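Architecture at a glance
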Amino acid sequence: MAPGASAPGAIVFTTQMSRYAMLLAPSANRVYADQAPRISRAEAAAFSPVLSAPLENLDEAEIGGVDYLTFDASLTPRDVAYLSNLSSAYALFERLEDELLRPVRLTPLARYDSDLITIPKYAGKTNENFTRLLLNVTLLASASAPRMLDGHLTVCDPVAGRGTTLNQALMYGYDAIGIEIDGKDLDAYQLFIKTWLKRKRLKHTAGLVPVRRGGKRAARRLDITLAPSKDDHKAGAVQKLTVLEADTTRLDGLIRANCADVLVADLPYGVAHGSVTEEGGMSRRPLDLLERAVPQWLPLLRPGGAIGLSWNTKVAKRELAEDILLANGLEVVALEDLSHRVDQSIERDVVVARKSG
Ligand SMILES: C[S@@+](CC[C@H](N)C(=O)[O-])C[C@H]1O[C@@H](n2cnc3c(N)ncnc32)[C@H](O)[C@@H]1O
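A short tour of the structure in this document, coming up.

About the thresholds
- Residues numbered from 1 in each chain as written.
- Predicted model: local features only at pLDDT ≥ 70, side-chain atom pairs only at ≥ 80, totals over all residues.
- Heavy atoms only, no water.
- Salt bridge = Lys/Arg side-chain N within 4 Å of Asp/Glu carboxyl O.
- Helix = DSSP H or I, 4+ residues; strand = E, 2+ residues; numbered from the N terminus.
- Buried < 20%, exposed > 50% of the residue type's maximum accessible area, 1.4 Å probe, protein only.
- Pairing = 2+ DSSP bridges.
- Arc of directions from axis to C-beta.
- Contact = heavy atoms within 4.5 Å.
- Near = heavy atom within 4 Å.
- Polar contact = N/O pair within 3.5 Å; in protein donor to acceptor, adjacent residues only side chain to side chain.
- Areas by Shrake-Rupley, 256 points an atom, 1.4 Å probe, with all protein chains shown as cover.
- Nonpolar A, V, L, I, M, F, W, Y, C, P; charged D, E, K, R; others polar.

Right, let's talk about the pattern of salt bridges for a bit. Side chains carrying opposite charge are able to pair once their charged atoms draw close together. In total, this model carries 21 salt bridges according to the counting rule given. A salt bridge links Asp72 to Arg19, with the shortest nitrogen-to-oxygen separation between them at 3.8 Å. Of this pair, Asp72 sits in strand S3 (residues 66-73) while Arg19 sits in strand S1 (residues 18-24), and the two are 53 residues apart along the sequence. On the basis of relative accessible area, Asp72 is assigned to the buried category, the value being 17%. For Arg19, a relative accessible area of 39% corresponds to the partly exposed category. A salt bridge links Glu322 to Arg318; the nearest nitrogen and oxygen atoms lie 2.9 Å apart. Taken together, the positions of Glu322 and Arg318, both in helix H10 (residues 318-327) and four residues apart, correspond to about one turn of that helix. One salt-bridge network, held together by shared partners, links Asp113, Asp115, Arg199 and Lys200.

See below:
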């Protein structure tokens, strides 16, 4: 019998390709304007390694005057579960004929009410859609990608601000570690998260403790445990949230090594929000911060872990950011173009790099 031919009488299963159209959330247009379909396409492409087969003919299309992402695939329920987390996913349809769309239920990771992410509003907040994109592409490039849907992963944001990445990590069911130099940000985040947990009547523990090093107060640490239900909390199935008020370039043992699956950072833009040094000095160059911080961040990352960074390319060229990552022994991961305009003074780009496994 010729290789590949089936024995007489054997049942042959063929995987039927379908055509799909993903409706993009209106909020994506608010973040990326007319670049939303391109950015969504680049993000969708990053999901290919975890899908049962890569998406084919991934493209942008306007159907009935609205933007869709279109592709051909034979999606399993797990594939749909993965793609449901695409940061701009609003609704998925199977295209029966070009004009007929059959809804496919999306099943995103959503452990808590969405207001965990949408309530906080403040100057300097990283947009929540974009934060999810950055977390997704970083996770998908890491050795933990196969556990994205069901794993107890740990996400670290080493320039955490008031916690957009941390909240997104909690939403996905993960543990979260934040580092932020500005004590006012830690105070504001603490107030928000504790109020939110109380209002949602979620069982939790919370404590703010000083951390001492060499006899001196080196940092403050907020420790929170939470769970979506009383039973989970009682059974110890809790998520841990830790936020350190500290200089990310001077961690020296403040955080245990090998604690994070991914490190996700929206670097200071070098515009209104500079990178701060503990001495109170302000550097307008995010690369200064990156150069000093990456050697501190590397030990936190587990083997096979990934670092995902976004920054303002108007003040720091992409090649220079990549050089810093390469110089620290990381492998830069190839992604489709995710660069986009934020406003007059900010052009944002994304780079993801992996630590060898
Ligand atoms: C672009 S903001 C991040 C905003 C955050 N993603 C959010 O949505 O709240 C960058 C943050 O880096 C912090 N930062 C700057 N230099 C730092 C340092 N040396 N150590 C720790 N955090 C620093 C700034 O205080 C600022 O909060």
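Bringing the pairing of S3 into the picture now. Where burial is concerned, most of S3 is hidden: six out of the eight residues are buried. In this structure, S1 lies alongside S3, joined through six bridges in antiparallel fashion. Considered in S3, the bridge of Leu23 is made with Tyr68. Examined bridge by bridge, strand S2 (residues 56-63) and S3 share six bridges and lie antiparallel to one another. Among the inter-strand pairings, Ala61 is bridged to a residue of S3, identified as Tyr68. Remark: two residues form the turn of the hairpin made by S2 and S3, two consecutive strands paired antiparallel; Gly64 in that turn has positive phi of roughly 60°.

Let's shift gears to H10. Every buried residue belonging to H10 is among Ala321, Ile324 and Leu325, and all of these are buried. Each buried residue of H10 lies within a common arc of 95° when the element is viewed along its axis, so the set occupies one face. For H10, the elements touching its buried residues are helix H9 (286-297), strand S14 (301-312) and strand S17 (346-354). Once H10 ends, the next one or two residues include Gly329, with phi positive near 80°.

Right, let's talk about the site of the ligand for a bit. The local shell around the ligand holds 24 residues, among which Tyr122, Thr126, Arg162, Thr164 and Glu180 are the closest. Here a nitrogen atom of the ligand sits 2.9 Å away from a polar atom, N or O, in the side chain of Asp247. Considered on its own, the ligand offers 610 Å² of accessible surface; in the complex 97% of this is hidden by protein. Tallied by class, the residues present in the shell around the ligand amount to eleven nonpolar, seven polar and six charged.

Along an α-helix, a turn takes 3.6 residues, which lines up residues three or four apart on a common side. For helix H2 (residues 36-46), a buried count of eight out of eleven residues is recorded, marking the element as mostly surrounded by other parts of the structure. For H2, every residue scored as buried is listed here: Ala36, Pro37, Ile39, Ser40, Ala42, Glu43, Ala44 and Ala46. Lining the buried residues of H2 we find S1, helix H1 (26-32), S2, S3, helix H5 (128-140) and strand S16 (340-343).

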